[in-house]
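Structural features, examined
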Amino acid sequence: MWLDRKLGARKGKTSSFRRTVTALALGAALACPAVLAGGDGSGIAQAIAQAIAALQKASQQTQAAIQKIEQQTQAALGKIIGQSGGGLGQALQHTIATMELIIKEANPNYINPTAGTTAVSGIITWQGLARSYTIIRPEPANDDAPVLILMHAHGISPATMANLSEAGRLAHDYGVWVVLPKGENGTWNENPSSMNSTDDVGFISSLIDTLVTQEGVDSKRIYAAGYSAGGFMAERLACQLSSKIAGFVAVAATLRNSLATAAQCTPSHVMPVAFIDGTSDLVVPYNGEPSVQSAAAATAFWAVKNGCTATAVTTTTLPQTTKDGTTVAQTSFTACPAGSAVDLYTVNGGGHTWPGSPYSVYTAYLGKTSQNLDATLALWQFLTPYSLK
């Protein structure tokens, strides 16, 4: 089953707020047990309930009103923190920090700022449609920069994708231009057997041409990555736009059977490929389903495409830095041709989430977000040694 299929009835800003508010209420309750008890917790419960009501109303208000609500909520809960000691006060501070960002995200274009970077937006016309994208880049801009095309899941905006993954870190720390295109109506045509006529491969190809000719990015270091449907879209680009894509990483995605054919997947070169998948993912099952291959099968597919030796495989358990009910194992094909690599990060206990995200409240209803792997950093460190010839 797919995110758009399972949650299709929940699309849109209002449904997005409903999911966020539900997750926030759950997160607040888990972080602050006193909320559920009487006595001193009653004031906290009331303040959080008022904040949630404000959040629901905020979806219909202007950004100025949203900022006012944010200030009022922070002030109200700040007073309670001053009256709460120890772990309860710390838990409330964490909850408020998360709530502040969620309130700001009532504006779907809000990107949590990263020092030393800037975010700019652009539009190109493709198939007669105005297709938008956002770039997070260093400030001042750097020349011949590598590019990561980072594609959102169904139902979330490019800005939310940027916040969820903390993509600004890559611009600040590595000089990467993180480009976040927007799927038409919030979706990607990542399934070759779909009746959808939107040409997203062509859109991304045109976007890359714009980045190279107008922005002067390095055409040999353009990589694709994505979350859920965005991960499947990154894989389709690797199959059908390989002349412009140096490699890809798919998070919470595997491989569609409709793409795994000789006619649909014809990369012109070997490349680095990695999957990051949770064993408790109920949206894109780790062990696959009739129309989608398992994580292991998807990895093996690309090992064959790259010409890796099938028997040369190692699996390493990564350090468990946080006891959150998850562990991570990295499986690598160790005998692949030069210019290629194939890895699978298995997140044991992980859900349909972006590992390492500090804003797991957004995806709490999709399972655990492991803090034992920083998916954003891992995918960049995996891709960056490689480039097009």
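Everything quoted here is computed from the prediction, not taken from an experiment.

Considerations on the overall build of the chain
A count of helical and extended segments in the chain gives 11 helices and 12 strands. Counting the 389 residues in the chain, one finds 53% classified as buried. Total accessible area computed for the chain in this model is approximately 16,200 Å², and 53% of it derives from carbon and sulfur atoms.

Comments concerning the nonpolar core
Counting residues in each nonpolar core, the largest one holds 86 residues, and the members touching the most others are L148, I204, L237, F248, V249, W302 and W354. In terms of residue count, the dominant contributor to this core is helix α9 (residues 229-240) (7 residues). With residues near it in sequence (within four places) discarded, I204 still touches I149, P181, W188, L237 and L241.

What about helix α8 (residues 200-215)?
Over its 16 residues, α8 extends 21 Å from the first C-alpha to the last, a length consistent with the 22 Å expected when each residue adds 1.5 Å. When α8 is considered as a whole, its buried residues turn out to be D200, V201, G202, F203, I204, S205, S206, L207, I208, T210 and L211. The opening residue of α8, the one whose side-chain oxygen lies 3.5 Å from the backbone nitrogen of V201, is D199.

Points about the state of the cysteines
Here the structure, examined in full by the defined rule, presents 2 disulfides. A disulfide bridge connects C239 with C265, and the sulfur atoms are separated by 2.1 Å. Around the S-S axis, the bridge from C239 to C265 shows a dihedral of about -70 degrees and counts as left-handed. Of the two residues, C239 is situated in helix α9 and C265 in the loop between β7 (255-256) and β8 (272-278); the sequence distance between them amounts to 26 residues. With relative accessibility at 1%, the residue C239 sits in the buried group. A sulfur-sulfur separation of 2.0 Å characterises the disulfide bridge that pairs C308 with C336. Across the disulfide from C308 to C336, rotation about the S-S bond amounts to roughly 110 degrees, and the bridge is consequently right-handed. Of this pair, C308 sits in the loop between α10 (295-306) and β10 (313-317) while C336 sits in the loop between β11 (327-333) and β12 (341-348); the two residues are 28 residues apart in sequence, bridging distant segments of the chain. With a relative accessible area of 12%, C308 lands in the buried category. What links to what in the chain: the bonded cysteines, counted in sequence order, pair as 1-2, 3-4.

Quick notes on the sheet that holds strand β4 (residues 177-181)
Spatial strand order, β1-β2-β4-β3-β5-β6-β8-β12-β11-β10: 10 strands in an open sheet with mixed pairing. Of all the strands in the sheet, just β1 (117-126) and β10 have a single pairing partner and so form its edges. In this sheet, neighbouring strand axes are inclined to one another by 15 degrees on average, regardless of whether the strands run parallel or antiparallel. Both β8 and β12 contribute to a ladder of 7 bridges, which runs parallel. Looking at the pairing, D277 lines up with T346 of β12. α9 rests against β3 (147-151), β5 (222-227), β6 (248-251) and β8 of the sheet, and its axis sits at about 150 degrees to β5. α10 contacts β6, β8, β11 and β12 of the sheet and is inclined by roughly 170 degrees relative to β12.

As for unusual backbone geometry
Following E139, the chain continues into P140 via a peptide bond in cis, with omega recorded as 5 degrees. The residue P140 is located in the loop between β2 (129-138) and β3 in this model. With a phi angle near 50 degrees, E166 is a residue other than glycine that sits in the positive phi range. Looking at the element boundaries, E166 is found in the loop between α6 (158-165) and α7 (168-174).

What counts and what doesn't
Residues numbered from 1 in each chain as written. Predicted model: local features only at pLDDT ≥ 70, side-chain atom pairs only at ≥ 80, totals over all residues. Heavy atoms only, no water. Helix = DSSP H or I, 4+ residues; strand = E, 2+ residues; numbered from the N terminus. Buried < 20%, exposed > 50% of the residue type's maximum accessible area, 1.4 Å probe, protein only. Areas by Shrake-Rupley, 256 points an atom, 1.4 Å probe, with all protein chains shown as cover. Core = buried A, V, L, I, M, F, W, Y, C linked by side-chain atoms within 4.5 Å. Contact = heavy atoms within 4.5 Å. Expected span 1.5 Å × (residues − 1). Polar contact = N/O pair within 3.5 Å; in protein donor to acceptor, adjacent residues only side chain to side chain. Disulfide = S-S within 2.5 Å. Pairing = 2+ DSSP bridges. Axes fitted to C-alpha atoms, helices over the stretch in contact; angles between N-to-C directions.

Any functional reading would require information that these geometric values do not contain.
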